[in-house]
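Chain by chain, the residues:
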Amino acid sequence: MEKFFNHLFYRIYWWNKTIVKEKDFPVFSSLLGISVFHILNISTLIFIILVYIFKNPMVYPKWVHLIIMFAVLVLDYFIYIHKKRYKEIIKSSENETKISLKRKDYFSLIYIIVSFGLFIWIIIKGRELL
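Bear in mind the structure is a predicted one, so any value in this text is a computation, not a measurement. (Residues numbered from 1 in each chain as written. Predicted model: local features only at pLDDT ≥ 70, side-chain atom pairs only at ≥ 80, totals over all residues. Heavy atoms only, no water.)

*Asks:* Explanation requested: the packing of helix α1 (residues 2-19) against helix α5 (residues 98-129) in the structure shown.
*Replies:* The angle between the axes and the distance between the axes are what describe a pair of packed helices. Contact pair α1 / α5: the axes reach a minimum separation of 10 Å and the direction vectors enclose 90°. For the element pair α1 / α5, the angle class is roughly perpendicular. Only L101, K104, D105, F107, S108, Y111 and I112 of α5 make contact with α1, whose side of the interface consists of F4, F5, H7, L8, Y10 and R11. Among the residues making up the contact of α1 with α5, the classes are represented as eight nonpolar, two polar and three charged. (Axes fitted to C-alpha atoms, helices over the stretch in contact; angles between N-to-C directions. Helix = DSSP H or I, 4+ residues; strand = E, 2+ residues; numbered from the N terminus. Parallel < 35°, antiparallel > 145°, perpendicular 65-115°, else oblique. Contact = heavy atoms within 4.5 Å. Nonpolar A, V, L, I, M, F, W, Y, C, P; charged D, E, K, R; others polar.)

*Asks:* Help me out: how do you make sense of the packing of aromatic side chains in this one?
*Replies:* The geometry of an aromatic ring pair is captured by the separation of the ring centres together with the interplanar angle, meaning the angle of the planes. Throughout the structure, instances matching the rule amount to 10 aromatic pairs. Taking 5.1 Å as the distance between ring centres and 80° as the angle between the ring planes, the aromatic pair formed by F4 and Y111 counts as edge-to-face. On the criterion of sequence distance, the pair formed by F4 in helix α1 and Y111 in helix α5 is long-range, its members being 107 residues apart. Residue class for Y111 comes out buried when judged on its relative accessible area of 15%. Residue placement shows R11 over the ring face of W14; its charged tip is 5.0 Å from the ring centre. (Phe/Tyr/Trp six-rings, centres within 6.5 Å; stacked < 30°, edge-to-face > 60°. Buried < 20%, exposed > 50% of the residue type's maximum accessible area, 1.4 Å probe, protein only. Lys NZ or Arg CZ within 6 Å of the ring centre and 35° of its normal.)

*Asks:* Where do I start with unusual backbone geometry in this structure?
*Replies:* In terms of backbone geometry, most residues other than glycine have negative phi values and most peptide bonds are trans. Look at K55: it is not a glycine, yet its phi comes out positive at around 60°. On the secondary structure map, K55 appears in the loop between α2 (26-52) and α3 (62-81). According to the relative accessible area criterion, K55 is exposed, its value standing at 53%. At K83, a position not held by glycine, the phi torsion is positive, near 60°. Structurally, K83 is set in the loop between α3 and α4 (85-94). In this structure K83 comes out as exposed when scored by relative accessible area, which is 74%.

*Asks:* Any chance you could explain the nonpolar core here in plain terms?
*Replies:* One finds L8, F9, I34, Y80 and I81 to be the most contacted residues of the largest nonpolar core, which totals 17 residues. Counting residues per element, the ones that place at least two in this core are α1, α2, α3, α4 and α5. If you tally residues by element for this core, the top one is α1, at six residues. Contacts of F9, omitting those with residues within four sequence positions, involve V27, S30, L31, I34, Y80, I81, Y86 and I89. Core analysis: the second largest hydrophobic core is formed by six residues, I46, F47, Y60 and I122 among them. (Core = buried A, V, L, I, M, F, W, Y, C linked by side-chain atoms within 4.5 Å.)

*Asks:* In this structure, what is going on with α4? I would like to understand it.
*Replies:* Because each turn of an α-helix spans 3.6 residues, side chains separated by three or four positions in sequence point in the same direction. The complete set of buried residues in α4 reads R85, Y86, I89, I90 and S93. Projected onto a plane normal to the axis of α4, the buried residues spread over an arc of 135° and lie on a single side. Exposed positions of α4 whose direction lies more than 90 degrees from the buried face are E88, K91 and E94. Against the buried residues of α4 lie α1, α2, α3 and α5. (Arc of directions from axis to C-beta.)

Honestly, it's all geometry; don't read function into it.
Spelled out as structure tokens, the structure:
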């Protein structure tokens with residue numbers, strides 16, 4: 001799983017550097033990008049529990065979610081930025097073959113679509129309960 005998220009981090013970095021042409025903070029933007037996906041997945045799991053077990057998505061205090069979001073951002077900082085680990089992730093990804101990168105890109109695209117799709121689906125299910 002670590003290799004998958006390292007690749008996703010690299011692709012977000014590549015997107016920021018190549019497509020967006022961000023010069024000042026591409027690593028910081030990549031940190032925020034990978035954190036968004038982690039938070040999206042955690043939120044989906046939380047809302048699945050709220051909708052299917054508690055049958056009430058409103059029992060979840062918003063301040064708890066803010067704490068979770070902050071914790072994910074801090075954890076991702078220590079995983080990707082602390083001790084400049086992002087440099088070894090970028091270097092190892094740049095040394096991969098194009099075929100390997102393409103295969104990982106397909107899995108990343110599927111992951112992104114499924115992550116957003118599940119999140120939207122559980123939000124719709126939660127609204128049906130209200």
